[in-house]
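The lines below spell out each chain.
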Amino acid sequence: MLPFKVASVGHAIVGLAIGRAYGGETGRERGLAMAGFMGLAVLPDLDVLGVALGTSDYGPFGHRGFSHTLPFAVLGALAIALVAWQYNQRRAAAAGLLAFVALASHGVLDMLTFNTRGVLLLWPLSADRIFCDWRPIPPSPTGMEFLSARGLQAATVEMIYFAPLFLFGMWPWRGRRDPLTLVGAAWRGAAISATVIACLVFGHVVLRDTSVVSGLERGAAGRSLAVSP
């Protein structure tokens, strides 16, 4: 397997929606915001580069380790807020808050994938890998396997799950011209989080008994047993 990971479609779509919620006065500004927040939403998976260079995959700096934690999301949000301050002081706090939502969403969604080994969400405060009992999201294959039939199936399931957020992100309406306040950003972040949950619940109810989802879940279980330390 090649030493890289293609981030899941779900992470990218959530970042797209957050970027659209951040908005901008022109189409170019909205496009840059959507691309930037998509990048933040998939950024935590760069931890596979460390694994490829020899870092223990099961330690705090392995996959689903530090880069998937809430402290990492806080640090990333502060960095984004400082950068945003240089360009638009009125929107810097809002940018930081929505950056936190984008970064934190990655670890939370990974806690909802089939047969996950868990996420070090609270490290270094806790070394426990956390996962949810309800896990409706198929994991995306890594490396070139992402281009396989299983990778296409997993991507299709996530596209169906998150279709409302994708439509929100791509719909051609204009952004608001008034400054995005911290309170406004908090409301938008909360609305997107609630929509993510609603999409997963509805999508899982609709697709859970289909042969595609059942096959992905069985395959994930088999691979989990094969790679368990």
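See the structure printed just above.
These remarks concern the structure in this document. All of these numbers come straight from a predicted model, not from anything done at the bench.

Another aspect to go through is the nonpolar core. By size, the foremost hydrophobic cluster in this structure holds 37 residues, and its most contacted members are Ile 18, Phe 37, Leu 109, Phe 162, Leu 165, Val 196 and Leu 200. Broken down by secondary-structure element, the contributors of at least two residues to this core are α1 (9-22), α2 (27-42), α4 (70-85), α5 (92-110), α6 (149-161) and α8 (182-207). With 10 residues, α5 is the single largest residue contributor to this core. If we skip the residues at most four places from it in the chain, Ile 18 touches Phe 37, Leu 98, Val 101, Ala 102 and Ile 192.

Counting across every chain of the model gives five aromatic pairs. When the ring of Phe 61 is compared with that of Trp 123, the centres are 5.5 Å apart and the planes differ by 75 degrees; the resulting orientation is edge-to-face. Taken together, the residues span a long stretch of sequence, with Phe 61 in the loop between α3 (47-52) and α4 and Trp 123 in the loop between α5 and α6 at a distance of 62 residues. Looking at Phe 61, the relative accessible area reads 48%, which means it is partly exposed. On the numbers, 5.5 Å between centres and 80 degrees between planes, the contact of Phe 66 with Phe 72 is edge-to-face. Take Phe 66: its relative accessible area is 22%, and that puts it in the partly exposed class. Three or more aromatic residues joined by ring pairs form one cluster here, namely Phe 61, Phe 66, Phe 72 and Trp 123. A cation sits over an aromatic face here: Arg 91 above Tyr 22, 4.2 Å from the ring centre.

Rules of the game
Residues numbered from 1 in each chain as written. Predicted model: local features only at pLDDT ≥ 70, side-chain atom pairs only at ≥ 80, totals over all residues. Heavy atoms only, no water. Core = buried A, V, L, I, M, F, W, Y, C linked by side-chain atoms within 4.5 Å. Buried < 20%, exposed > 50% of the residue type's maximum accessible area, 1.4 Å probe, protein only. Helix = DSSP H or I, 4+ residues; strand = E, 2+ residues; numbered from the N terminus. Contact = heavy atoms within 4.5 Å. Phe/Tyr/Trp six-rings, centres within 6.5 Å; stacked < 30°, edge-to-face > 60°. Lys NZ or Arg CZ within 6 Å of the ring centre and 35° of its normal.

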